[in-house]
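Below are the chains, spelled out letter by letter.
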Amino acid sequence: MKTAIKIQRSFSFLFLILLAGVFVSCSDKYEQELGPRPEGDFTVTPIEGMPNTFLLSSNVEEAFRHKWFTDPAIGWREGGPTDTAYFELAGTYDVKMIAMAPNGHVVAEKNIVVEENAPGVACAGDNLALLTGCEESQTWVLDGEGSLWIGPVDESQTWWSLPAADLEARACVLNDEFTFFEDGTFIFENNGDFWVEEEAGAPHPADIGLEIGCNPADAWPEQYAAWNSGTHQFEVTEEELMVNGLGAFLGIYKVGGGVAAVAEPQESITYEIVELTAEKLVVEYTFGDGAGKWRFTFRPADLDPGEEPEEPEMPLEENDIAVDFDGTSTITEDQWLLDQVTAYEFPVANPDPDDVNPSANVFRYDRGTGMYENVQIHLDHKIDLTNRNKFSILVYFPSANDYTGDLAQTFAVKLQNRELGGDAWTTQEERKPEVEVLDEWVKLTFDFSDVTDRTDFDSIVLQPGGEGHTAPGTFYFDEFQLLPAE
């Protein structure tokens with residue numbers, strides 16, 4: 001019996017040796033066929049002149065795709081071999097990277113220690129303290145141009161915004177003071193004058209008996225006297241700011257009551273807080289069950305707004321505009337505006353090289369659920385269309401997209417004047433051809449020869465899949481260029 005046990009153990013030992021040999025052999029074969037598994041991680045470097053901002057740099061060789069994790073609220077996001085991370089508050093932050101290479105992937109993780117809050121971030125995280133300037137009280141005033149704004153809730157256009165040309169005329173609005181005290185008291189002071197609002201071109205309310213424009217504070221009719229200077233109360237949470245007391249308001253008196261223009265003072269108005277820092281307060285008021293919204297932007301009264309530097313006039317030039325993703329381009333990285341699209345990646349491997357586009361790398365565009373997603377190229381000159389006025393691009397529309405609904409088989413190129421800001425779309429020129437063939441590279445041409453008299457275009461919008469809907473889709477494009485003169 002003892003001999004039998006010894007023989008069994010010997011065979012067991014022999015089996016383990018053979019099994020180990022199999023694993024070593026498989027591992028050797030893996031190394032021979034695919035090469036060694038990728039190694040590396042990433043470095044973290046503070047960016048000079050940009051407090052609390054860090055450069056993240058991957059050192060994984062041959063990595064073709066990177067994902068970064070810097071904010072739990074956002075989660076993993078696509079990026080490149082370098083990325084940045086910004087932390088407003090002091091603390092220790094967990095930053096992660098996934099780098100994908102031909103032979104596998106690398107997961108790396110580092111802790112970033114931020115020693116102090118970013119400059120200008122006082123009482124961060126406490127809206128009551130921010131409103132009161134971390135003191136007993138703080139006074140806020142409207143922040144000049146654009147501080148009054150109205151438009152649709154999706155911000156796809158601007159119905160009206162306070163223009164620079166009206167700042168002098170509306171001085172009686174811009175001198176209004178809104179003071180918040182730490183005990184919950186709210187004081188409105190119009191400093192002796194007020195602006196009579198209009199509605200449909202007429203003074204508002206209809207029986208106010210005054211002309212549109214600045215009027216002395218004692219001209220308020222008795223039924224509207226609650227809108228004059230006065231002391232009220234307020235409540236603030238992480239998301240909302242409520243002013244309480246008959247006639248209390250922020251921005252302009254006519255906003256409240258769930259409508260764009262109320263006809264009498266309100267007992268209470270609740271605004272959504274869009275942004276609140278030591279140097280800025282932005283609130284919005286949505287009306288008409290989502291038909292539109294007002295936005296008001298304030299700054300502390302003791303914060304000097306300074307003079308806006310004059311933008312240099314852009315030259316009108318007939319320059320080359322050519323973009324590919326194999327290392328040749330007249331467009332620099334900082335001329336792309338890419339935050340309008342849900343996800344993108346470039347350069348990315350060509351999904352289907354063919355005779356039309358044998359290029360190794362292209363731009364991948366992932367449309368999400370945004371109504372007006374696009375990517376933009378911001379030029380440093382106005383486009384002279386006199387002789388060169390046609391653009392071309394190579395596009396690839398996968399059949400895996402669902403085109404049976406709102407997603408359109410179109411690729412739009414729009415020329416805009418970004419000096420108009422949010423109104424740039426109102427004077428744009430758009431060409432939007434159909435993409436009739438799927439799963440193949442197609443060359444499209446965009447002819448702007450009928451608008452050669454326009455000299456204000458300095459921005460190019462690229463938009464596959466249409467707009468005004470929330471249908472997602474994936475697209476590829478390459479070789480965008482302004483064609484030579486014919």
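Everything that follows concerns the structure shown earlier in this document.
Reading the values: rules and limits
Residues numbered from 1 in each chain as written. Predicted model: local features only at pLDDT ≥ 70, side-chain atom pairs only at ≥ 80, totals over all residues. Heavy atoms only, no water. Helix = DSSP H or I, 4+ residues; strand = E, 2+ residues; numbered from the N terminus. Buried < 20%, exposed > 50% of the residue type's maximum accessible area, 1.4 Å probe, protein only. Contact = heavy atoms within 4.5 Å. Areas by Shrake-Rupley, 256 points an atom, 1.4 Å probe, with all protein chains shown as cover. Core = buried A, V, L, I, M, F, W, Y, C linked by side-chain atoms within 4.5 Å. Disulfide = S-S within 2.5 Å. Polar contact = N/O pair within 3.5 Å; in protein donor to acceptor, adjacent residues only side chain to side chain. Patch = residues over 30% accessible without salt bridge, like charges linked within 9 Å, V, L, I, M, F, W, Y side chains within 5 Å. Salt bridge = Lys/Arg side-chain N within 4 Å of Asp/Glu carboxyl O. Lys, Arg positive; Asp, Glu negative; His and termini not counted. Charge placed at Lys NZ, Arg CZ, Asp CG, Glu CD. Phe/Tyr/Trp six-rings, centres within 6.5 Å; stacked < 30°, edge-to-face > 60°. Lys NZ or Arg CZ within 6 Å of the ring centre and 35° of its normal.

### Remarks on the overall build of the protein chain
Argument step 1. Along the backbone of the protein chain there are 3 helices and 34 strands.
Argument step 2. The buried share of the protein chain, taken over its 486 residues, is 41%.
Argument step 3. Of all intrachain contacts in the protein chain linking residues separated by at least 6 positions in sequence, the fraction that spans at least 24 positions is 63%.
Argument step 4. By element, 50% of the accessible surface of the protein chain is carried by carbon and sulfur atoms, the whole surface being about 25,700 Å².

### Brief notes about the nonpolar core
Argument step 1. Among the nonpolar cores identified, the biggest contains 42 residues, and Phe 180, Phe 186, Leu 241, Leu 250, Tyr 271, Phe 296 and Phe 298 are the most heavily contacted of them.
Argument step 2. Beyond its immediate stretch of four places on either side in the chain, Tyr 271 contacts Glu 239, Glu 240, Leu 241, Val 243, Phe 249, Leu 250, Val 255, Val 283, Glu 284, Tyr 285 and Phe 296.
Argument step 3. Counting 37 residues, the second largest nonpolar core, distinct from the first, contains Phe 391, Val 395, Leu 415 and Phe 480.

### A few points about the state of the cysteines
Argument step 1. Going through the model one piece at a time under the given rule, you end up with 1 disulfide.
Argument step 2. Residue Cys 172 pairs covalently with Cys 214 via a disulfide, S to S 2.0 Å. Looking down the S-S bond of the Cys 172 and Cys 214 bridge, the torsion is -90 degrees, so its handedness is left-handed. Here Cys 172, found in helix H3 (residues 171-174), pairs with Cys 214, found in strand S16 (residues 213-216); they are 42 residues apart in sequence, far enough to count as distant.
Argument step 3. The partly exposed category is assigned to Cys 214, whose relative accessible area is 40%.

### A look at the side chain of Thr 185
Argument step 1. Here Thr 185 shows up in strand S12 (residues 185-189).
Argument step 2. A relative accessible area of 15% places Thr 185 in the buried class.
Argument step 3. A distance of 2.9 Å separates the side chain of Thr 185 from the side chain of Asp 183, its partner in a polar contact.
Argument step 4. If sequence neighbours within four positions are ignored, Thr 185 has contacts with Thr 179, Phe 180, Thr 231, His 232, Gln 233 and Phe 234.

### Regarding a negative patch on the surface
Argument step 1. Together, Glu 135, Glu 136, Glu 182 and Asp 183 make up a region of like negative charge exposed at the surface.
Argument step 2. Position of Glu 135 relative to the elements: it lies in the loop between helix H2 (127-131) and strand S8 (137-142).

### Points about unusual backbone geometry
Residues apart from glycine generally show negative phi values, whereas peptide bonds are mostly found in trans.
Argument step 1. Omega for the peptide link from His 204 to Pro 205 comes to -5 degrees, which places this bond in the cis form.
Argument step 2. Residue placement: Pro 205 occurs in the loop between strand S15 (202-203) and S16.
Argument step 3. Put simply, Phe 346 and Pro 347 share a cis peptide bond, and its omega is -5 degrees.
Argument step 4. The backbone of Glu 479 shows a phi angle near 50 degrees, a positive value even though the residue is not glycine.
Argument step 5. Along the chain, Glu 479 falls in strand S34 (residues 473-482).
Argument step 6. Overall, the relative accessible area of 28% leaves Glu 479 in the partly exposed class.

### With respect to the packing of aromatic side chains
Argument step 1. A complete count under the given rule lists 38 aromatic pairs for this structure.
Argument step 2. Look at Trp 160 and Trp 294: their rings are 6.4 Å apart centre to centre, the planes differ by 65 degrees, and that puts the pair in the edge-to-face class. With Trp 160 in strand S10 (residues 160-161) and Trp 294 in strand S21 (residues 292-300), the pair connects residues that are 134 residues apart, well separated along the chain.
Argument step 3. By relative accessible area, Trp 160 is classed as partly exposed at 28%.
Argument step 4. Arranged with centres 5.9 Å apart and planes meeting at 90 degrees, the rings of Phe 391 and Phe 448 form a pair that is edge-to-face. With a gap of 57 residues between them, Phe 391 in strand S29 (residues 390-396) and Phe 448 in the loop between strand S32 (441-447) and strand S33 (459-464) connect regions that are remote in the sequence.
Argument step 5. Classification of Phe 391 as buried rests on a relative accessible area of 0%.
Argument step 6. In textbook terms, an aromatic cluster arises when at least three aromatic residues are bridged by ring pairs, as seen for Phe 325, Trp 336, Tyr 344, Phe 346, Phe 363, Phe 411, Phe 446 and Phe 477.
Argument step 7. Sitting over the ring of Phe 69, Lys 96 keeps its end group 5.1 Å from the ring centre.
Argument step 8. Seen from the ring of Phe 42, Lys 110 lies directly overhead, with NZ or CZ sitting 5.6 Å from the centre.

### Observations concerning the environment of Asn 389
Argument step 1. With respect to the element layout, Asn 389 can be found in the loop between strand S28 (382-383) and S29.
Argument step 2. Looking at Asn 389, the relative accessible area reads 8%, which means it is buried.
Argument step 3. The spacing of Asn 389 and Phe 448 is 59 residues in sequence and 5.2 Å in space, taken between C-alpha atoms.
Argument step 4. Filtering out sequence-adjacent residues up to four positions away, Asn 389 remains in contact with Phe 446, Asp 447, Phe 448, Ser 449, Thr 452 and Leu 482.
Argument step 5. A distance of 3.0 Å separates a polar atom in the side chain of Asn 389 from the backbone oxygen of Leu 385.

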